[in-house]
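The chain contents come next:
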Amino acid sequence: MTDSEQLAQRNRELAILTTVAAALNGESDLATALGVALDHVSALFGLHSAWVWLLNEASGQPYLAASKDLPPALGAVPELMEGTCYCLDRFCDGHMGGADNISMITCTRLKGLARGTNGLRYHASVPLYAHQRPMGVMNVASADWRALSADDLRLLYAVGDLVGMAVERAQLFKRSVQLGALEERNRLAREIHDSLAQSLAATALQLDAADAQLEGGAAPQARAALQRAIALTQASLDQARRSVLDLRAAPLDGLPLAEALAQLAAPHGALVRFSARGAEVPVDGRVAMAIYRIAQESLSNALRHAGASEIGIALAASLSHVQLAVEDNGQGFDPDRIYPGHFGLIGMRERCQLLGGSMQIASAPGLGTRIECILPNRA
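Since this is a predicted model, take the numbers as computed values, not measurements.

**Focus on the side chain of Thr-369**
Okay, so step 1: As for its position among the elements, Thr-369 is in strand E10 (residues 369-376).
Okay, so step 2: Using a relative accessible area of 8% as the deciding quantity, one classes Thr-369 as buried.

Next up, the structure:
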């Protein structure tokens, strides 16, 4: 290679690194940062497909964090993009020292696929690190693709360093937001306890005293009204206490969403089946709590009111959305009918709407019930 060719090569590399760094520099959201990285890497290297595996911060297990134009054979079958594989095993074992070309024969996801690969025979695996901490793997490929050159692999490895640092920055930002949200929930919980709950408790005591004073010769109507007031006040006090517990988010304290839902189903044995796809995907704290509460309310309704003998809870999580489905074979009901005194369905819908999600309820008398909720994973 002549001096001028070497200079042109270095200028190209510098331009690519500068472009990727500038694009990632202002992104604090993980999904956005990964999408920007894949778009720029694909365009600058003339590639077609790209995807990123990240290691879950809590469990260390890999999950598919982002993808761009996956070949149909992989994109249409989500199960093929779950779990470990040859390149992830090498990365987790510390044997991926730099960017590598992985052939179709070696790749455990592509091996045996005759159709739907768009000509894919190789993909390059790029390890992602941040301050020597392993973050994940970026895979890139192109239709009818052959192995990348050593220079391009070296450049991709440098790009991987930029992506790894962007991932770390996004994770740190998310943790700081979650910490702030937790502190705010606890502050609200204290305010509810110190003001509303204590006020309601005092009101209940005063009404109790008034009721006792009227026992002698008060009109029956006055006593009945006072008793109703006591009951309503006690109900408000109970609701305030439940709100405190909700704000403190105890059921999810330190637990991944999938594990918390599994624990919710476990006491009921074979009656309740739980399944999860994307269990290692990090879920926003507010979204996780909403999903848990909706599952909890749906399960309670199925057990208490529907007389169901089979209940299924299914979770599917990705970096962009979280989906919950709860289905039972119980007696069903009319979703359009208003049931006085039952606010569970209203509360579930409100949780979804407040976080920008949607809920579908399919039920009819005698035909069981299916409740499906989809929430964006960036509340």
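**What about empty space enclosed by the protein?**
Okay, so step 1: As enumerated under the stated definition, the model contains 2 cavities of 30 Å³ or more in all.
Okay, so step 2: Taken as a whole, the largest cavity encloses approximately 50 Å³ of empty space.
Okay, so step 3: Along the walls of the largest cavity sit 11 residues, with Trp-51, Cys-107, Arg-109, His-123 and Asn-139 positioned nearest its centre.
Okay, so step 4: Broken down by class, the residue content of the lining of the largest cavity amounts to 8 nonpolar, 2 polar and 1 charged.

**Details of the state of the cysteines**
Okay, so step 1: Under the criterion given, the structure shown has 1 disulfide.
Okay, so step 2: Residue pairing for Cys-352: its cysteine sulfur links by disulfide to Cys-373, the two sulfurs lying 2.5 Å apart. Separated by 21 residues along the polypeptide, Cys-352 in helix H9 (residues 344-354) and Cys-373 in strand E10 bring together distant segments of the chain. A single burial state applies to Cys-352 and to Cys-373, both of which are buried.

**Observations concerning H9**
Okay, so step 1: Buried residues of H9: Gly-344, Met-348 and Cys-352, and no others. Down the axis, H9 shows its buried residues gathered within 75° of arc, on one side only. Across from the buried face of H9, at angles greater than 90 degrees, the exposed residues are Gln-353 and Leu-354.
Okay, so step 2: Just past H9, the residue Gly-356 takes up positive phi, approximately 75°.

**Describing the nonpolar core**
Okay, so step 1: Core analysis: the biggest nonpolar cluster contains 73 residues, and Leu-34, Leu-54, Met-138, Leu-156, Leu-257, Leu-261 and Ile-291 have the highest contact counts within it.
Okay, so step 2: For this core, the element with the most residues is helix H8 (residues 285-304), which contributes 10 residues.
Okay, so step 3: Apart from the residues lying within four places of it in its own chain, the contact partners of Ile-291 are Leu-257, Leu-261, Leu-315, Val-322, Leu-324, Cys-373 and Leu-375.
Okay, so step 4: Formed by 12 residues, the second largest nonpolar core is a distinct cluster that contains Trp-51, Leu-74, Met-81 and Leu-88.

**What about helix H7 (residues 257-265)?**
Okay, so step 1: Among the residues of H7, those classed as buried are Leu-257, Ala-258, Ala-260, Leu-261, Leu-264 and Ala-265. Seen along its axis, H7 keeps its buried residues to an arc of 160°; they face one direction.
Okay, so step 2: Here the buried face of H7 lies against strand E6 (272-277), H8, strand E7 (311-317) and strand E8 (321-328).

**Topic: the pattern of salt bridges**
Okay, so step 1: Scanning the model with the defined rule gives 6 salt bridges in all.
Okay, so step 2: Lys-68 is the salt-bridge partner of Asp-69, the closest N and O atoms lying 3.7 Å from each other.
Okay, so step 3: For the salt bridge of Glu-372 with Arg-370, the shortest nitrogen-to-oxygen distance reads 2.8 Å.
Okay, so step 4: Ionic contacts of the salt-bridge type, sharing partners, join the residues Asp-39, Lys-68 and Asp-69 into one network.

**Focus on the pairing of E6**
The two faces of a sheet get side chains in turn, since along a regular strand they alternate between them.
Okay, so step 1: As judged from the 6 bridges shared by E6 and E7, these two strands associate in the parallel manner. In the sheet register, Ser-275 faces E7, and the bridge partner there is Ala-314.
Okay, so step 2: With H8 bridging E6 and the parallel E7, this β-α-β connection has left-handed handedness.

Rules of the game
- Residues numbered from 1 in each chain as written.
- Predicted model: local features only at pLDDT ≥ 70, side-chain atom pairs only at ≥ 80, totals over all residues.
- Heavy atoms only, no water.
- Helix = DSSP H or I, 4+ residues; strand = E, 2+ residues; numbered from the N terminus.
- Buried < 20%, exposed > 50% of the residue type's maximum accessible area, 1.4 Å probe, protein only.
- 1 Å grid on protein atoms, 1.4 Å probe; cavity = no way out; pocket = protein on both sides within 12 Å on 5 of 7 lines; lining within 4 Å.
- Points joined across faces, edges and corners; volume = space filled by probe spheres on them.
- Nonpolar A, V, L, I, M, F, W, Y, C, P; charged D, E, K, R; others polar.
- Disulfide = S-S within 2.5 Å.
- Arc of directions from axis to C-beta.
- Core = buried A, V, L, I, M, F, W, Y, C linked by side-chain atoms within 4.5 Å.
- Contact = heavy atoms within 4.5 Å.
- Salt bridge = Lys/Arg side-chain N within 4 Å of Asp/Glu carboxyl O.
- Pairing = 2+ DSSP bridges.
- Right-handed = clockwise from strand over helix to strand, strands pointing away.

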